[in-house]
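Structure assessment
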Amino acid sequence: FDKMPQRNVVSWTAMIAAYSQSGHGKGALDLLRKMQSNGVQPNKITFVTIVDACASLAALADGKESHASIINRGFDTDVVVGNALINMYGKCGNVECARSVFDRMPERNVVSWTAMIAAYAQNGRSREALELFRQMDLEGVEPNKITFLSIVDACVRLASLAKARTVHEQIVASGFESDVTLGNALVNLYGKCGSLKDAQRIFDKMHQRDVVSWNALILASAQNGHGKDAIELFHQMKLEGVRPNDLTFLGMLHACNHAGLLDEGRHYFMSMRLDHGITPMLEHYSCMIDLLGRVGLLDEANHLMCSMLIEPDAVTWMSLLSASRVHGDVERGTCAAEHVFELDPKNAAPYILLSNIYAAAGRWD
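Residues numbered from 1 in each chain as written. Predicted model: local features only at pLDDT ≥ 70, side-chain atom pairs only at ≥ 80, totals over all residues. Heavy atoms only, no water.

Moving on, we come to the state of the cysteines. This model, assessed by the stated rule, comprises 0 disulfides. Here Cys92 is not cross-linked by a disulfide; its sulfur's nearest cysteine counterpart is in Cys54, at 7.1 Å. Here Cys306 stays free of any disulfide, with the sulfur of Cys335 as its closest cysteine sulfur at 8.5 Å. (Disulfide = S-S within 2.5 Å.)

Put into structure tokens, the structure is as follows:
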């Protein structure tokens, strides 16, 4: 690009796209400004690329600025540009602007509907996502795989088993049941809805399974109090030659935590680093500390916190604070609470827990 004697809008757009697609959204925005300062005006494809960059950065102000330029140049009626704007506003958390773009589109395709449904789902407005999906069906627009993934995401947030089964039936009727990504999403959905039986049935029917499939069922087992089933799944997974990842071990630690399986929890925590070369992240430490705290091993939990290569967050300190309350450890509870006060000053829970610790110890002062 730098060595080109002449550059036109296509050259600039290609370079902007290269930045955006490589995860360098800020570089894409900087290059757009440089392009315009060189007297080259963006075209429709340039704007789609820039709007995508704004979406990846969740840069709402830049997105709105691009939207204004799109209107000024008359590109706002284009369906591809409209779809990109809906996606950008959804990723930036501005659902109202996304809906405004959607409602004003003279033409919509399945991507338009899917982008708007995803905007609702990603921002916790699941009922509106489902209502729009129903409207999409009434208007005769056939959903695609991505539409269903967004709807499954909306159902996960509602944790409604009835809605999960309805969406599952629609997926089957549309011929997407054999898709591995949708299968994984359904296993996760049924797990979140508390139906391990349905999650297992989907898993068993899958013609192809990847590590995400196994992780989804392991986590479903953990969340529904079937820790030993999760352990059995882990062994079966390894026998089938599927390599566990960091999320697999997080699922295993959750399973051990929910079932109070201390020795097994210790084993998986050590094994992830020693046998699989996976460095524990904050979530793994937090889960292990919570497990140790639940069984009263507060010294070991405290030692693990001190040995962490990452700074403990408020959630991790809350685990220790909760355990201190259960086991009446005033000094440790006070120390943990002070850390939570510092990291999450607006959280009222540590004040309540610390008050309970003092009350139980008869320290009313």
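Time to look at a nonpolar patch on the surface. Judged by side-chain polarity, Met281, Leu309 and Ile310 come together as a nonpolar surface patch covering roughly 290 Å² of accessible area. Examined against the element boundaries, Met281 turns out to sit in the loop between helix 16 (262-274) and helix 17 (282-294). (Patch = residues over 30% accessible without salt bridge, like charges linked within 9 Å, V, L, I, M, F, W, Y side chains within 5 Å. Areas by Shrake-Rupley, 256 points an atom, 1.4 Å probe, with all protein chains shown as cover. Salt bridge = Lys/Arg side-chain N within 4 Å of Asp/Glu carboxyl O. Helix = DSSP H or I, 4+ residues; strand = E, 2+ residues; numbered from the N terminus.)

Reported here for the largest pocket is a volume of approximately 250 Å³. If you go around the largest pocket, you meet 13 residues; those closest to its centre are Phe269, Met270, Met288, Leu304 and Ser307. Taken together, the elements giving at least two residues each to the lining of the largest pocket come down to helix 16, helix 17 and helix 18 (298-307). Sorting elements by how many residues they give to the lining of the largest pocket places helix 16 first, with 5 residues. Its residues placed into classes, the lining of the largest pocket shows 8 nonpolar, 2 polar and 3 charged. (1 Å grid on protein atoms, 1.4 Å probe; cavity = no way out; pocket = protein on both sides within 12 Å on 5 of 7 lines; lining within 4 Å. Points joined across faces, edges and corners; volume = space filled by probe spheres on them. Nonpolar A, V, L, I, M, F, W, Y, C, P; charged D, E, K, R; others polar.)

Under the criterion given, the structure shown has 18 salt bridges. Two residues, Arg33 and Asp30, come together in a salt bridge whose shortest N-O distance is 3.3 Å. Of the two residues, Arg33 and Asp30 both sit in helix 2 (residues 25-37), 3 residues apart, roughly one turn of that helix. Overall, Arg33 belongs to the partly exposed group, its relative accessible area being 41%. We classify Asp30 as partly exposed; its relative accessible area is 37%. (Buried < 20%, exposed > 50% of the residue type's maximum accessible area, 1.4 Å probe, protein only.)

Moving on, we get to helix 11 (residues 180-192). Spanning 13 residues, helix 11 covers 18 Å between terminal C-alpha atoms, matching the ideal 18 Å at 1.5 Å per step. Within the span of helix 11, buried status applies to Leu182, Gly183, Asn184, Ala185, Leu186, Val187, Leu189, Tyr190 and Gly191. Against the buried residues of helix 11 lie helix 9 (145-158), helix 10 (161-173), helix 12 (196-205) and helix 13 (211-223). Where helix 11 begins, the side chain of Asp179 points an oxygen toward the backbone nitrogen of Thr181, at a separation of 3.0 Å. Count one or two residues on from helix 11 and you reach Gly194, which has phi positive near 85 degrees. (Expected span 1.5 Å × (residues − 1). Contact = heavy atoms within 4.5 Å. Polar contact = N/O pair within 3.5 Å; in protein donor to acceptor, adjacent residues only side chain to side chain.)

So yeah, pure geometry; function would need other evidence.
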